[in-house]
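Architecture and fold: a report
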Amino acid sequence: MPSPERSAQIGALYQEMILDHYRRPRNKGDLANAEQTVVMKNPLCGDEIAVHVSFDGDTISDVRFSGRGCSISQASASMMTQLVKGKPLSEIEHIRTRFREMVMGDQAAGEDASLGSARALGGVSQFPARVKCALLAWNALQTAMTAHAE
Ligand code: ZN
């Protein structure tokens with residue numbers, strides 16, 4: 001267990017990472033010739049996100065998101081695009097599952113290096129009302145991957 005001082009430092013760093021992705025979202029915009037576009041809404045918070053995905057065989061070759069919402073939903077979508085772009089679907093499925101476990105409160109998942117910067121969203125598990133915000137883009141991604149497989 002990290003010391004309380006260290007935990008506070010990590011918390012501040014994670015907060016800064018979330019705000020950075022919110023203010024300067026990565027891979028935001030439409031994607032020309034996207035194979036799948038999935039729109040998801042979170043009426044509780046007013047978030048609305050569209051995830052656009054292109055595939056190359058069993059790999060996500062490109063992914064972008066558009067829409068608007070709270071800092072958690074936007075930062076989560078931005079981090080998600082960075083994490084899954086260029087990766088095989090099997091690896092993405094592992095990352096998506098671990099991310100979901102993390103925001104549901106699984107501490108081991110929150111330490112999984114495969115989650116990269118998205119670990120900054122682990123604290124969301126303490127705020128049940130925000131879990132949906134964090135999962136919105138990931139749920140859209142899952143729907144896009146399922147549609148691609150059919
Ligand atoms: Zn939200």
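Here's what I pulled together on the structure shown here. (Residues numbered from 1 in each chain as written. Predicted model: local features only at pLDDT ≥ 70, side-chain atom pairs only at ≥ 80, totals over all residues. Heavy atoms only, no water.)

**Looking at the overall build of the protein chain**
The following threshold applies: A run of H or I in DSSP becomes a helix once it reaches four residues, and a run of E becomes a strand once it reaches two; helices and strands are each numbered from the N terminus. Atoms considered for the radius of gyration are the C-alpha atoms alone. The globule rule reads 2.2 Å times the number of residues to the power 0.38. Think of it in three bands: with a 1.4 Å probe and only protein chains considered, a residue is buried below 20% of the maximum accessible area for its type, exposed above 50%, and partly exposed in between. We call two residues in contact whenever any of their non-hydrogen atoms come within 4.5 Å of each other. Every accessible area reported is derived by Shrake-Rupley at a probe size of 1.4 Å, with residue values counting cover from the shown protein chains alone. Positive charges are assigned to Lys and Arg, negative charges to Asp and Glu, while His and the chain termini are left out of the count. In plain terms, the charge of a residue is placed at NZ if it is Lys, CZ if Arg, CG if Asp and CD if Glu.
On a plain count of helices and strands, the protein chain comes out with five helices and three strands. The order of α-helices and β-strands along the protein chain, N terminus first, is α-β-β-β-α-α-α-α. Taken over C-alpha atoms, the radius of gyration comes to 15 Å for the protein chain, in line with the 15 Å a tight globule of 150 residues would show. Each of the three principal axes of the protein chain carries a C-alpha extent, and together these read 50 × 30 × 25 Å. Looking at the 150 residues of the protein chain, the share that counts as buried comes to 40%. Long-range contacts, defined here as pairs at least 24 residues apart, represent 57% of the contacts in the protein chain between residues at least 6 apart. If you sum the accessible surface of the protein chain, you get close to 7,700 Å²; carbon and sulfur atoms cover 51% of it. Of the charged side chains in the protein chain, 16 are positive and 17 negative, and the gap between their average positions amounts to 7 Å.

**Remarks on the pairing of strand 1 (residues 36–42)**
Short version of the rule: Here, any two strands with at least 2 DSSP bridges between them count as paired.
Across seven bridges, the pairing between strand 1 and strand 2 (residues 47–56) is antiparallel. Bridging across to strand 2, Val38 finds its partner in Val51.

**A few points about the sheet that holds strand 1**
Our working definition: Convention adopted: a line fitted to C-alpha atoms gives each axis, helices being fitted over their contacting stretch, and angles between N-to-C directions are expressed from 0 to 180 degrees.
An order of 1-2-3 is seen for the three strands of this open sheet, with the pairing classed as antiparallel. The two strands at the open ends of the sheet, each matched to only one other strand, are strand 1 and strand 3 (59–68). Ignoring strand direction, the axes of neighbouring strands in this sheet form an average angle of 20 degrees. Where strand 2 meets strand 3, nine bridges bridge the pair, whose relative direction is antiparallel. Paired with Glu48 across the bridge in strand 3 is Arg68.

**Remarks on the pattern of salt bridges**
Filter applied, for reference: Criterion for a salt bridge: a side-chain nitrogen of Lys or Arg within 4 Å of a carboxyl oxygen of Asp or Glu.
Here the structure, examined in full by the defined rule, presents seven salt bridges. Note that Asp112 and Arg98 form a salt bridge whose closest N and O atoms lie 2.9 Å from each other. Placement of Asp112 in the loop between helix 4 (107–110) and helix 5 (128–149) and of Arg98 in helix 3 (residues 89–103) is noted, with a sequence separation of 14 residues between them. Each member of the pair, Asp112 as well as Arg98, is classed as buried. In this structure, a network of salt bridges that share partners links the residues Asp20, Arg24 and Arg26.

**A few points about the environment of Ala147**
With respect to the secondary-structure elements, Ala147 resides in helix 5. By relative accessible area, Ala147 is classed as partly exposed at 28%. Residues Ala147 and Gln36, spaced 111 residues apart in sequence, show a C-alpha to C-alpha distance of 7.6 Å.

**Quick notes on the coordination of the zinc ion**
Note the cut-off: Each metal's donors are the N, O and S atoms within 2.8 Å of it, or within 3.2 Å when it is Na, K or Ca, and because water is not part of the set, sites may look incomplete.
Distances from the zinc ion to its protein donors, Cys45 (SG), Asp47 (OD), Asp47 (OD), Cys70 (SG) and Cys133 (SG), fall within 2.2 to 2.7 Å. Motif for the zinc ion, donor spacing along one chain: C-x1-D-x22-C-x62-C. On the criterion of sequence distance, the pair formed by Asp47 in strand 2 and Cys70 in the loop between strand 3 and helix 2 (71–84) is long-range, its members being 23 residues apart. The same class applies to Asp47 as to Cys70, namely buried.

Spatial relationships are all this shows, so hold off on functional conclusions.
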